[in-house]
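Geometric and topological summary
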Amino acid sequence: MDETRRTFLKVAGLSVLGFGAKPVVDAVAGTGQSKFERDPKALNGKRWAMVVDQKKCLDAKEGCKECVLACNYAHNVPDFGNPKDEVKWIWQTSYEHAFPGQENPYIEGFVKDSLKGLPFTVLCNHCDNPPCVRVCPVKATFRRPDGIVQMDYHRCIGCRFCMAACPFGARNLNWRDPRPFIKKENPEFPTRTRGVVEKCNFCAERLDVGKIPACVEACKEKALVFGDLEDPNSEVRALLRTHPSIQRKPQLGTRPQVYYIL
Amino acid sequence: MLEKALRGNKSYFTWIGFLLVLVGMGFSFYLRQLSYGLGITGMSRNVSWGLYIGQFTFLVGVAASAVMLVLPYYLHNYKVFGKITILGEFLAVAAVTMCLTFIVVDLGRPDRAFNVLLYPTPNSVLFWDMVVLNGYLFLNIVVGWTVLEAEAKSAPPPKWVKPLIYLSIPWAVSIHTVTAFLYAGLPGRSFWLSAIMAPRFLASAFAAGPALLIMICLFLRKYTKFDAGWEAIQSLAKIVTYAMIISVFFVLCELFTVFYSQIPEDMNHFRYLFFGLHGHDGLVPWMWASTVLAMLSLVLMINPKTRNSPGTLAMGCVCVFFSLWIEKGITLVLTGYIPSPLETITQYHPTVPEIGIVIGVWALGFLILSILYKVALTVKTESV
């Protein structure tokens with residue numbers, strides 16, 4: 001009896017070791033070759049970034065929400081119709097909420113007159129030094145080499161540490177099942193389950209097939225410009241070279257990569 | 001030894017039955033939360049942690065306070081605590097179990113909780129919190145149980161347990177430090193972004209935990225055969241007094257820095273907490289209740305007359321416990337979110353299922369505590 005139990009334990013122990021070793025072996029002695037081939041049309045960047053040219057919004061018709069609507073459709077963002085459950089990837093807000101602490105009685109006038117009181121378009125800043133990535137206990141959110149801060153919806157445990165860490169309120173939990181609240185489903189992009197966090201992904205899935213982000217494409221006034229900051233000839237670099245620009249909360253050291261031209 | 005928990009009088013079983021009913025109630029609410037999602041609670045996009053994480057934070061302190069018994073007894077050979085050290089260790093076991101349960105009920109995807117082990121991430125404070133909490137639970141179960149078992153057999157405790165006891169002392173400090181670091185390292189949450197957060201957590205822990213122990217000891221003295229000894233209770237009372245004074249002092253330090261520097265972003269949280277901001281004042285009554293209780297407790301605990309009399313000592317400890325429960329269990333977590341980093345104000349109101357789950361987890365903790373204490377006290381009273 002004892003003999004068989006001992007043998008069983010030996011075999012069981014060895015098998016556990018064996019299975020446990022496989023990922024280690026893969027990591028150390030893997031071939032390093034990707035199993036998937038990249039689409040030749042894919043857009044390649046070294047440091048993706050966005051410039052929001054707020055003055056161009058002036059040319060749009062009042063209440064224009066093209067960028068928001070395009071994003072919501074592209075990413076199956078649910079519309080719960082209440083602020084408590086709200087999920088948003090890109091949205092419009094007033095100056096004092098986009099740049100809190102930088103308002104003063106006179107800038108109000110500038111924003112009102114010069115920018116016709118336009119709301120500011122805000123989204124995930126895809127920070128170079130993202131606190132959300134630093135705090136995630138399971139690496140469900142991570143920074144890609146091209147600068148995109150990406151989410152793995154299949155790994156997220158819904159602890160919401162990232163939501164506490166993000167200084168821009170860019171992150172959302174699915175407080176309930178989002179699927180019944182998707183207005184028109186886009187079969188090209190996965191829907192999420194309740195209990196996971198999501199946010200803007202700079203349209204990583206579109207870049208992979210050679211398309212620019214949905215919000216940028218939707219903006220008829222070209223107020224949103226997307227490009228590679230490491231490429232000196234890119235449009236974003238040209239804009240930042242020729243216009244004074246500001247970032248949101250630069251003093252926090254997260255190095256946000258969405259720039260605003262007022 | 002566990003069989004000792006199966007024998008008891010009617011009031012013991014009524015108490016156990018009562019706790020089981022509460023646990024069952026909490027569990028049924030939790031099943032509803034599992035099927036609906038965390039939207040069943042009062043949490044929202046802007047206030048994304050609520051009562052669950054608040055209770056977790058407070059209870060880490062209660063757990064850490066076991067060290068206030070272990071350290072004098074084992075390190076300084078303070079024999080007076082010999083009888084009650086086990087109560088501190090078992091309180092830590094019950095409190096850490098509640099902490100871990102609160103974390104699990106707070107997860108959006110509890111089915112994936114083990115991802116924390118599958119993808120260990122040393123740069124996340126939450127990962128370290130998981131490590132230190134589970135370690136502390138293990139240390140206290142093993143130490144408490146082994147020493148008690150030796151006592152039941154009238155034998156000295158085995159030698160290997162000594163290093164574990166010594167290890168449990170810095171470990172207790174670590175659980176509360178790491179828990180404070182969950183908050184104190186986040187850019188953009190100025191209410192939490194304070195170097196004094198961990199010391200503050202430790203001070204309030206060493207007040208709230210021993211205060212609860214004194215209440216338990218006074219209760220046991222009155223209603224059971226177990227007497228912790230008046231000297232032990234008095235020593236604990238002095239620990240509570242000093243810890244509470246330090247805790248209040250640390251809060252005043254925070255208030256000075258925030259209100260003398262007059263940085264609006266930092267002030268707004270405290271203004272919301274104490275006076276209300278832009279007409280929103282959901283936490284104001286709670287904060288003032290906590291403040292009044294803290295002042296009252298200092299009067300009752302500092303004055304030797306009131307500290308030395310069981311009736312007023314019990315009152316003092318109740319004041320300490322509830323003042324700190326409000327401060328850490330409710331206001332500390334919520335105020336970090338109000339106003340939000342984008343300077344919007346979303347208030348938070350816990351829902352009925354959420355409160356039901358909170359009560360259920362507390363009942364689970366008290367169930368574990370009652371069973372462990374029953375075993376310990378039976379051993380103690382039989383061996384005398």
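Since the model is a prediction, treat every value here as computed from it, not as a measurement.

Now for the overall build of chain A. Of regular secondary structure, chain A possesses nine helices and nine strands. Each principal axis of the C-alpha distribution contributes one length, and for chain A these read about 90 × 45 × 40 Å. Relative to its 262 residues, chain A shows a buried fraction of 47%. Carbon and sulfur atoms provide 57% of the accessible area of chain A, an area that totals close to 13,600 Å². When the 40 basic and 31 acidic side-chain charges of chain A are each reduced to a single mean position, those positions are 4 Å apart.

Looking now at the side chain of Ser194 of chain B. Mapping Ser194 of chain B onto the fold places it in the loop between helix H7 (161-184) and helix H8 (197-223). Those residues in contact with Ser194 of chain B that lie beyond four places of it in its chain are Ala184 and Glu254 of chain B.

Our focus in this paragraph is the packing of helix H4 (residues 85-106) of chain B against H8 of chain B. All names here are of chain B. Closest axis-to-axis distance for the H4/H8 pair is 11 Å, and the angle between their directions is 120 degrees. One element, H4, and the other, H8, form an angle in the oblique class. Crossing of H4 over H8 shows right-handed handedness. Counted together, Leu87, Gly88 and Leu91 of H4 and Gly209, Leu212, Leu213, Cys217 and Leu220 of H8 form the full contact between these two elements. A breakdown of the residues in the contact of H4 with H8 according to their chemical character gives six nonpolar, two polar and no charged.

Along its 26 residues, helix H13 (residues 310-335) of chain B runs 36 Å from first to last C-alpha, staying within 8% of the 38 Å computed at 1.5 Å per residue. A bend of about 30 degrees at Glu327 of chain B is the largest found in H13 of chain B.

Here the focus is the interface of chain A and chain B. On the side of chain B, 40 residues touch chain A, which itself brings 50 residues to the contact. Carbon and sulfur atoms supply 53% of the area that chain A and chain B bury against each other, a total of about 3,600 Å² over both sides. A salt bridge links Arg160 of chain A to Asp106 of chain B; the shortest N-O distance between them is 2.6 Å. Taken together, the connections running from chain A to chain B amount to 31 residue pairs in polar contact (both at pLDDT 80 or more). Residue assignment for the side of chain A that touches chain B shows that the elements contributing at least two residues are helix H3 (95-98), helix H5 (131-135), helix H6 (161-165) and strand S6 (172-173) of chain A. Looking at the side of chain A that touches chain B residue by residue, the class counts come to 25 nonpolar, nine polar and 16 charged.

Side chains that differ in sign of charge can pair as their charged atoms come close. Per the stated rule, a full pass over the model turns up 16 salt bridges over all chains. For Lys88 of chain A, the salt bridge goes to Glu86 of chain A, with nearest N and O atoms at 3.5 Å. Notably, a salt bridge pairs Glu254 of chain B with Arg200 of chain B, separated by 2.9 Å at the nearest N-O pair. Placement of the pair is Glu254 of chain B in helix H9 (residues 230-261) and Arg200 of chain B in helix H8, with a sequence separation of 54 residues. One exposure class covers both Glu254 of chain B and Arg200 of chain B, and it is buried. One salt-bridge network, held together by shared partners, links Arg47, Asp128 and Arg143 of chain A.

A word on the pairing of strand S1 (residues 48-53) of chain A. Residue and element names in this part refer to chain A. Here S1 lies mainly inside the structure; six of its six residues are buried. With burial as the criterion, each face of S1 is covered, one bearing Trp48, Met50 and Val52 and the other bearing Ala49, Val51 and Asp53. With four bridges joining them, S1 and strand S9 (residues 258-261) adopt parallel strand pairing. Pairing of Val51 across the sheet is with Tyr259, part of S9.

One key point about sheets: their strands pair by backbone hydrogen bonds, in either a parallel or an antiparallel sense. Residues and elements named next belong to chain A. In spatial order, the strands read S8-S1-S9; together these three strands make up an open sheet with mixed pairing. Two strands bound the open sheet, and with one partner strand each, they are strand S8 (224-228) and S9. Going from strand to strand, the sheet's axes swing by 20 degrees on average, the running direction of each strand aside. In this fold helix H9 (residues 235-242) packs onto S1, S8 and S9, with an angle of close to 115 degrees to the strand it touches most, S8.

Here we take up the state of the cysteines. Under the definition given, this model contains zero disulfides over all chains. In this structure Cys124 of chain A is a free cysteine whose sulfur lies 5.4 Å from that of Cys200 of chain A, the closest cysteine sulfur available.

Attention now moves to the side chain of Gln150 of chain A. The residue Gln150 of chain A is located in strand S5 (residues 149-151) in this model. If we ignore the near neighbours within four places in the chain, the residues touching Gln150 of chain A are Ala140, Thr141, Phe142, Arg144, Asn201 and Ala204 of chain A.

Moving on, we come to the packing of aromatic side chains. Overall, the coordinates contain 35 aromatic pairs over all chains when judged by the stated rule. Here the aromatic rings of Tyr95 of chain A and Phe99 of chain A are separated by 5.4 Å at their centres, their planes lie at 35 degrees, and the arrangement is tilted. Under the relative-accessibility criterion, Phe99 of chain A is labelled buried at 1%. Look at Tyr78 of chain B and Phe81 of chain B: their rings are 5.0 Å apart centre to centre, the planes differ by 90 degrees, and that puts the pair in the edge-to-face class. For Tyr78 of chain B, a relative accessible area of 25% corresponds to the partly exposed category.

Here we come to H4 of chain B. For H4 of chain B, built from 22 residues, the straight-helix expectation of 32 Å at 1.5 Å per residue is met to within 8% by its first-to-last C-alpha distance of 32 Å. Across the 22 residues that make up H4 of chain B, a large majority, 18, are buried.

Right, let's talk about unusual backbone geometry for a bit. All names here are of chain B. In this model, Ile338 is joined to Pro339 through a cis peptide bond whose omega is -5 degrees. Looking at where Pro339 falls in the secondary structure, it is placed in the loop between H13 and helix H14 (352-383). Of note, Ser154 is a non-glycine position whose phi angle comes to about 50 degrees, a positive value. With respect to the secondary-structure elements, Ser154 resides in the loop between helix H6 (125-152) and H7. Located in the positive-phi region is His278, a residue other than glycine, with phi close to 50 degrees. In this structure, His278 sits in the loop between helix H10 (264-274) and helix H11 (284-302).

Bringing a nonpolar patch on the surface into the picture now. Residue and element names in this part refer to chain B. On the surface, a nonpolar cluster with roughly 380 Å² of combined accessible area is contributed by Tyr242, Ile245, Ile246 and Ile302. With three residues, the single largest contributor to the nonpolar patch is H9. Tracing the sequence through the fold places Ile302 in helix H11.

Once that is clear, we can look at the environment of Asp111 of chain B. Residues and elements named next belong to chain B. Checked against the element boundaries, Asp111 lands in the loop between H4 and helix H5 (115-118). Sequence separation of Asp111 and Val80 is 31 residues, and the distance between their C-alpha atoms is 46 Å. Of note is the side chain of Asp111, whose polar atom sits 2.8 Å from the side chain of Arg109.

Quick look at the confidence of the model for chain B now. For chain B, mean pLDDT is 94; residues scoring 70 or higher make up 99% of the total. For this predicted complex, the interface score ipTM comes out at 0.91, alongside a pTM of 0.91.

Criteria and cut-off values
- Residues numbered from 1 in each chain as written.
- Chains lettered and ligands numbered in written order.
- Predicted model: local features only at pLDDT ≥ 70, side-chain atom pairs only at ≥ 80, totals over all residues.
- Heavy atoms only, no water.
- Helix = DSSP H or I, 4+ residues; strand = E, 2+ residues; numbered from the N terminus.
- Buried < 20%, exposed > 50% of the residue type's maximum accessible area, 1.4 Å probe, protein only.
- Areas by Shrake-Rupley, 256 points an atom, 1.4 Å probe, with all protein chains shown as cover.
- Lys, Arg positive; Asp, Glu negative; His and termini not counted.
- Charge placed at Lys NZ, Arg CZ, Asp CG, Glu CD.
- Contact = heavy atoms within 4.5 Å.
- Axes fitted to C-alpha atoms, helices over the stretch in contact; angles between N-to-C directions.
- Parallel < 35°, antiparallel > 145°, perpendicular 65-115°, else oblique.
- Left-handed = near helix turned anticlockwise from the far one by under 90°.
- Nonpolar A, V, L, I, M, F, W, Y, C, P; charged D, E, K, R; others polar.
- Expected span 1.5 Å × (residues − 1).
- Bend = angle between axes of the 7 residues up to and from the residue.
- Buried area = accessible area lost by both parts, 1.4 Å probe.
- Salt bridge = Lys/Arg side-chain N within 4 Å of Asp/Glu carboxyl O.
- Polar contact = N/O pair within 3.5 Å; in protein donor to acceptor, adjacent residues only side chain to side chain.
- Pairing = 2+ DSSP bridges.
- Disulfide = S-S within 2.5 Å.
- Phe/Tyr/Trp six-rings, centres within 6.5 Å; stacked < 30°, edge-to-face > 60°.
- Patch = residues over 30% accessible without salt bridge, like charges linked within 9 Å, V, L, I, M, F, W, Y side chains within 5 Å.
- pLDDT = per-residue confidence, 0-100.

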